[in-house]
Amino acid sequence: MCCFLVPLVEAAATTAYRKHNAESIRESVSVKHEIPALEKMLWGGSVMLIIDHILNGELMWQFPFFTALEQGGIGVFLRELVGVGVPMAIGLTLVWAVYAIFKTRKRNVLA
């Protein structure tokens, strides 16, 4: 219902970090070099979840926007964020970390 908010906030934070540290990320030969991939994964996943929630009627066009707030109030909303959104964001970040580690090792071996 509102689980996409956690990866969406992480995507915004990742974008801000990348823009603020663009030069050091570009020159890096570490996992930090792969931050744009994390950013794309987070934004893409968030947009896909928003579309899915709209199509399934879990996201509304009028206040309170989320069916979780309409059905159960702030408690249900927060449980959804913590119980679904946080594990989803952590899982996606872990998948990216494995990808980044392997890509960095491959780059370092070829260099």
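Rules and cut-offs
- Residues numbered from 1 in each chain as written.
- Predicted model: local features only at pLDDT ≥ 70, side-chain atom pairs only at ≥ 80, totals over all residues.
- Heavy atoms only, no water.
- Salt bridge = Lys/Arg side-chain N within 4 Å of Asp/Glu carboxyl O.
- Helix = DSSP H or I, 4+ residues; strand = E, 2+ residues; numbered from the N terminus.
- Buried < 20%, exposed > 50% of the residue type's maximum accessible area, 1.4 Å probe, protein only.
- Core = buried A, V, L, I, M, F, W, Y, C linked by side-chain atoms within 4.5 Å.
- Contact = heavy atoms within 4.5 Å.
- Expected span 1.5 Å × (residues − 1).
- Axes fitted to C-alpha atoms, helices over the stretch in contact; angles between N-to-C directions.
- Left-handed = near helix turned anticlockwise from the far one by under 90°.

Below, the discussion takes up the pattern of salt bridges. In total, this model carries two salt bridges according to the counting rule given. Salt-bridge contacts for Glu39 lead to Arg18; the nearest nitrogen and oxygen are separated by 2.4 Å. Highlighted residues: Glu39 in helix 3 (residues 35-55) and Arg18 in helix 1 (residues 5-20), separated in sequence by 21 residues. Accessibility expressed as a relative area gives 10% for Glu39, which makes it buried. Note that Glu34 is salt-bridged to Arg107, the shortest N-O span being 2.2 Å.

Among the nonpolar cores identified, the biggest contains eight residues, and these are Ala11, Ile25, Ile35, Ala37, Leu38, Leu42, Trp96 and Ala100. Of all elements in the fold, only helix 3 and helix 5 (74-110) reach the threshold of two or more residues within this core. Take this core: its biggest share by element is four residues, from helix 3. Residues in contact with Ile25, not counting those within four places in the same chain, are Tyr17, Arg18, Lys32, His33, Ile35 and Pro36. Core analysis: the next-biggest nonpolar cluster, separate from the first, contains seven residues, Leu49, Phe66, Phe77 and Leu81 among them.

Moving on, we come to helix 3. An ideal rise of 1.5 Å per residue puts 30 Å on 21 residues; helix 3 measures up with 30 Å between its terminal C-alpha atoms. Regarding helix 3, the residues found buried are Ile35, Ala37, Leu38, Glu39, Leu42, Ser46, Leu49 and His53. For helix 3, the elements touching its buried residues are helix 1, helix 2 (22-27) and helix 5. A positive backbone phi angle near 75° is found at Gly57, which sits one or two residues after helix 3.

This part covers the packing of helix 3 against helix 5. The relative placement of two packed helices comes down to the angle between their axes together with the axis-to-axis distance. Running from N to C, helix 3 and helix 5 cross one another at 145°; their axes reach a closest spacing of 10 Å. Judged by the twist between their axes, the crossing of helix 3 over helix 5 is right-handed. For the pair formed by helix 3 and helix 5, the contact residues are Ile35, Ala37, Leu38, Met41, Leu42 and Leu49 on the first element and Met88, Leu92, Thr93, Val95, Trp96 and Tyr99 on the second.

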